[in-house]
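# Observations on chain architecture
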Amino acid sequence: MSHHILIVDDEAEIRQLLEQFLSISGYRIATVATAREALAHAAATPPDLVISDLQLEESDGLDLIAKLKAAQPGLPVILLTSVLFDRQTVEENLSKRVSAYLPKTTPLNQLLAEIQRLLAAGK
Amino acid sequence: MLALFALVTVVLVAVAVHAVRQLNRTVTASDWVNRTHALINELEGIAAATQSAEGSLRIYALTRDPRDLAAGRRSQVRLADHLEVAGALARDQAETARQVARLATLAESRSAFARELGSAPPESLATLFAVDAANTAVEELLRLVERLVTEQMNLLALRDQESFLQAQATRWTIGLGVAINFLLLAAGAWLIRDDILMRRRAADAMAAANAQLESRVQARTAELSAANDRLNLENLERRWANQALEHQLRYNHLIINSITDLVFVITKVANISRINPAVEHDTGWLAKDLINRPLPELVRLTAGDLPLQRGLKEGHDLRDLPATLLRSEGGEIPVRFTFYPLRDGNNVVGGVVILNRATA
């Protein structure tokens, strides 16, 4: 059974690109545009990993991640955003709240490697 | 294979034709044998009737009893019947027919003698018998009958031998034909077996070739599929990189454009390279009119151009300095001037100027 990944991003093209790429890589993918949809989907079908944007239409990614982790502790989450954080912020702040932080300029194969690492660590 | 079956058919037809011919000959020979036996019977009947008739006439010569003469005449009638049948049976054999005719002549002479006895006065009978004693017709008739019987028996024996040889030849012919056909059919079966084996081998070879081809097609399909997946991934990577760049640029624009203060991005020599929408809104200038124009033509620091030149050169901030902003339709607006140098590593490559309206 392949792993189930939930993608949360308000931009349709990003959702589509990630879905295509990760489907080819053998994962079961679900995509949603808002935090509300993400929470509903996670409640119905708990994902093995979540990839979330920071800036969402009705909420922000970190708030969503906190809610998802409250419902499913230990859930690996990747924050994938256009907002660039400096290393210190990532290490001292974000690393406590997300499993990994990746800017959206990160190449897809690097994103895939991070997903594989997190899923392997969660076994 | 076709030639083999044609040969089998020819042999079969030849054997059948030969057998039919032999059958016809056998039927003909059988008819001849039956007729010859009948002729022999009739000849023996002739001899018996002659002897019976002559015996009755001899008895009549002693007894003078007319009943003996009548018995002799009846025997001669049977003799005539036998002669008629024998003549009919011998009509196809000229020599035999001629001899049967001779027998008829001799028999007729004996009939004439009997008739003469019947009509002669009793006192002359002794004379007639005396004269007849010298007659050799009966002996000749019996000898002739015996010779004819012997001849017919010899012919029968010869014909029996011929029939035996003919039957033997027929048996050999049919046996040989059956043997040849059996051999030919065995050869045909062998050839068919060879043909089936060859076809089976060909079918196996074709199946193997098909399997190999199928395997190659599958391998090639897998290669193409893998290549297609690689292309798809490369395409996705390219699209991802493009959207990331575009997204980043849009995000940067969004940050600057969302600021309600007037923002100018300038080059190292203070030429305007970018403005935010608030500049167009508050000054009436369009971006196309301002790009690449020196900032001092539009914004004048009360303290003169020097502080900005030094800020660009030395890379330090200027904060909240008094200045005026030239509007497009003329007139000036008092503003507060703030400058932040843009650094790329250790180099100052330009700066960002932020103007906010001076409060009274």
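Here is a short report on the structure shown in this document. Since this is a predicted model, take the numbers as computed values, not measurements. (Residues numbered from 1 in each chain as written. Chains lettered and ligands numbered in written order. Predicted model: local features only at pLDDT ≥ 70, side-chain atom pairs only at ≥ 80, totals over all residues.)

## Quick word on the overall build of chain B
Helix and strand counts for chain B stand at eight helices and six strands. In sequence order, the secondary structure elements of chain B are arranged as α-α-α-α-α-β-β-α-α-β-α-β-β-β. Pairs at least 24 apart in sequence give 57% of the contacts found in chain B among residues at least 6 apart. (Helix = DSSP H or I, 4+ residues; strand = E, 2+ residues; numbered from the N terminus. Contact = placed C-beta atoms within 7 Å.)

## A look at the nonpolar core
By size, the foremost hydrophobic cluster in this structure holds 34 residues, and its most contacted members are A:Val8, A:Val50 and A:Val77. Among the elements that take part in this core, helix α1 (residues 12–24) of chain A stands out by supplying five residues, more than any other. Ranked by size, the runner-up nonpolar core spans 25 residues in total, among them B:Ile46, B:Ala53, B:Leu69 and B:Leu79. (Core = buried A, V, L, I, M, F, W, Y, C linked by C-beta atoms within 7 Å. Buried ≥ 20, exposed ≤ 12 C-beta atoms within 10 Å, placed from the backbone.)

## Quick look at the interface of chain A and chain B
By a widespread convention, an interface's size corresponds to the accessible area lost as its parts come together. Taken together, the contact between chain A and chain B spans eleven residues of the former and twelve residues of the latter. Top contributing element to the side of chain A that touches chain B by residue count: α1(A), with six residues. Of the residues contributing to the side of chain A that touches chain B, the split by class is six nonpolar, three polar and two charged. (Nonpolar A, V, L, I, M, F, W, Y, C, P; charged D, E, K, R; others polar.)

## Describing the environment of B:Gly304
Considering the arrangement of structural elements, one finds B:Gly304 in the loop between β3 (299–301) and α8 (306–314). The spatial distance from the C-alpha of B:Gly304 to the C-alpha of B:Ala323 is 9.0 Å, given a sequence separation of 19 residues.

## Some points on the packing of α1(A) against helix α5 (residues 137–257) of chain B
Contact geometry of α1(A) with α5(B) gives a least axis separation of 10 Å together with a crossing angle of 155°. In terms of their interaxial angle, α1(A) and α5(B) are classed as roughly antiparallel. Between α1(A) and α5(B) lies a crossing of left-handed hand. Facing α1(A), whose interface residues are A:Glu13, A:Ile14, A:Leu17, A:Gln20, A:Phe21 and A:Ile24, α5(B) presents B:Asp229, B:Asn232, B:Leu233, B:Leu236, B:Arg239, B:Trp240 and B:Gln243. Tallied by class, the residues present in the contact of α1(A) with α5(B) amount to seven nonpolar, three polar and three charged. (Axes fitted to C-alpha atoms, helices over the stretch in contact; angles between N-to-C directions. Parallel < 35°, antiparallel > 145°, perpendicular 65-115°, else oblique. Left-handed = near helix turned anticlockwise from the far one by under 90°.)

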